[in-house]
Amino acid sequence: QVQLVESGGGLVQTGGSLRLSCVASGSIFSINDMGWYRQAPGKQRELVAAITGGGKTNYADSVKGRFTISRDNNKNTVYLEMNSLKPEDTAVYFCCAALRTFDLPFPYDYWGQGTQVTVSS
């Protein structure tokens, strides 16, 4: 059984900062890509940022220069540092990890339950 648990969401004013964390736990053999997605009310879920096992990163254009994704492979944890937050960043943020468990020969995408980020104007 694998579990991804996010934390760090909350309410912040425009221009403020938040740091999200996501810890993967369970019967994990290896973790490939990890990423953060978000979904605002009435909108589709979108990729915010992703990071490979080797540390290569990819960002949505809307967050480039403001958000930073990082990971600690020893702790099976991925982070999202969010600065200069805007009201349009308001959404539920989900963590995703492509990982292998000991009982399967291929990676599978696992998702966290989401954490709410609200940016007030």
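Check the entry above for the structure.
Worth saying up front: this structure is predicted, and the values here are computed from it rather than measured.

Participant: I keep staring at the state of the cysteines and nothing clicks. Help me out?
Facilitator: Structurally, a disulfide amounts to a covalent bond that connects the sulfur atoms of two cysteines. Within this structure, the stated rule accounts for 1 disulfide. Each sulfur in the disulfide pair Cys 22 and Cys 95 lies 2.1 Å from the other. Handedness of the Cys 22-Cys 95 disulfide follows from its S-S torsion of about -80°: it is left-handed. Remark: Cys 95 occurs in strand β9 (residues 91-101) and Cys 22 occurs in strand β3 (residues 18-26); sequence separation between them is 73 residues. An identical accessibility class is assigned to Cys 22 and Cys 95; each is buried. Unpaired in terms of disulfides, Cys 96 finds its nearest cysteine sulfur in Cys 95, a separation of 7.1 Å. When its relative accessible area of 8% is taken as the criterion, Cys 96 is described as buried.

Participant: Before we go on, may I ask you to explain the sheet that holds strand β8 (residues 77-82) in this structure?
Facilitator: Note: strands within a sheet are paired through backbone hydrogen bonds, in either parallel or antiparallel orientation. In space, the 4 strands of this open sheet follow the order β1-β3-β8-β7, with antiparallel pairing throughout. Here the strands that pair on one side only, and so sit at the sheet edges, are β1 (2-7) and β7 (67-72). Pairs of neighbouring strands in the sheet enclose a mean axial angle of 15°, with direction left out of account. Sheet analysis places β3 next to β8, joined by 6 bridges and oriented antiparallel. The partner of Cys 22 across the bridge, within β8, is Val 78.

Participant: It is not clear to me how the nonpolar core should be interpreted in this structure. Could you clarify?
Facilitator: Where a protein is soluble and globular, its nonpolar side chains tend to be buried together. Of all hydrophobic cores here, the largest spans 32 residues; its most connected members are Leu 4, Trp 36, Leu 80, Met 82 and Tyr 93. Residue assignment for this core shows that the elements contributing at least two residues are β1, β3, β4 (28-39), β5 (46-51), β7, β8, β9 and β11 (115-120). Every residue in contact with Leu 4, bar those within four places of it in the chain, is listed here: Cys 22, Val 23, Ala 24, Cys 95, Cys 96, Ala 97, Leu 99, Tyr 110, Trp 111, Gly 112 and Gln 113.

Rules used throughout
- Residues numbered from 1 in each chain as written.
- Predicted model: local features only at pLDDT ≥ 70, side-chain atom pairs only at ≥ 80, totals over all residues.
- Heavy atoms only, no water.
- Disulfide = S-S within 2.5 Å.
- Helix = DSSP H or I, 4+ residues; strand = E, 2+ residues; numbered from the N terminus.
- Buried < 20%, exposed > 50% of the residue type's maximum accessible area, 1.4 Å probe, protein only.
- Pairing = 2+ DSSP bridges.
- Axes fitted to C-alpha atoms, helices over the stretch in contact; angles between N-to-C directions.
- Core = buried A, V, L, I, M, F, W, Y, C linked by side-chain atoms within 4.5 Å.
- Contact = heavy atoms within 4.5 Å.

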